[in-house]
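Coordinates in review
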Amino acid sequence: MPLDITFIRKNPDLVKESETKRFRVPTIIDTILQLDDNWRTMTWQIDLLRKEKNSNQKQIALFYKLKEHKKANELKEKNIVLVKQISEYEEEKKISLYG
């Protein structure tokens, strides 16, 4: 039965000890924890970018209602960059997990 990543995070020494008793290399736990940390960091960054993009979308709608098309278009351009960044981070996240 696979171990839950939360359990590994909370008890890395215990899991390493268990791996040693099973004649496995315990350093794999360090690798797993590093990959998990990278995944969580990238997920956090993607979520922040999406939050900013969604906030911009709401402001764009408001600017259009107020007939401030120049400000709306500036935010649209910013959202285009954000979408590209999100896509790049998601691709990087996949590569870091699956090689």
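These lines cover the structure that appears in this document, whether it is placed above or below. This structure is a prediction, so every number in the text was calculated from the model and none was measured.

1. A look at the overall build of the protein chain
Check the secondary structure of the protein chain and you find four helices and zero strands. By principal-axis analysis of the C-alpha atoms, the protein chain measures approximately 70 × 25 × 20 Å. When the 99 residues of the protein chain are sorted by exposure, 18% land in the buried category. Pairs at least 24 residues apart make up 52% of the contacts formed inside the protein chain by residues separated by at least 6 positions. When the accessible surface of the protein chain is split by element, carbon and sulfur atoms take 57% of a total near 7,800 Å². Side chains of the protein chain give 20 positive and 16 negative charges; the mean places of these two sets differ by 7 Å.

2. So, the pattern of salt bridges
A full pass over the atoms with the stated rule returns eight salt bridges. In this structure, Arg9 and Asp36 form a salt bridge, with 2.6 Å as the shortest nitrogen-oxygen distance. Of this pair, Arg9 sits in helix H1 (residues 5-10) while Asp36 is found in helix H3 (residues 27-65), placing the two residues 27 residues apart along the sequence. The class for Arg9 is partly exposed, based on a relative accessible area of 32%. Across the salt bridge formed by Lys78 and Glu52, the nearest N and O atoms sit 3.3 Å from each other.

3. Considerations on the packing of H3 against helix H4 (residues 69-98)
Their axes nearest at 9 Å, the elements H3 and H4 cross at an angle of 165 degrees. Here H4 runs roughly antiparallel to H3, going by the angle between their axes. For the pair H3 and H4, the sense of crossing is left-handed. A breakdown of the residues in the contact of H3 with H4 according to their chemical character gives 15 nonpolar, 10 polar and nine charged.

Rules and cut-offs
Residues numbered from 1 in each chain as written. Predicted model: local features only at pLDDT ≥ 70, side-chain atom pairs only at ≥ 80, totals over all residues. Heavy atoms only, no water. Helix = DSSP H or I, 4+ residues; strand = E, 2+ residues; numbered from the N terminus. Buried < 20%, exposed > 50% of the residue type's maximum accessible area, 1.4 Å probe, protein only. Contact = heavy atoms within 4.5 Å. Areas by Shrake-Rupley, 256 points an atom, 1.4 Å probe, with all protein chains shown as cover. Lys, Arg positive; Asp, Glu negative; His and termini not counted. Charge placed at Lys NZ, Arg CZ, Asp CG, Glu CD. Salt bridge = Lys/Arg side-chain N within 4 Å of Asp/Glu carboxyl O. Axes fitted to C-alpha atoms, helices over the stretch in contact; angles between N-to-C directions. Parallel < 35°, antiparallel > 145°, perpendicular 65-115°, else oblique. Left-handed = near helix turned anticlockwise from the far one by under 90°. Nonpolar A, V, L, I, M, F, W, Y, C, P; charged D, E, K, R; others polar.

Read these as spatial facts, not as claims about activity.
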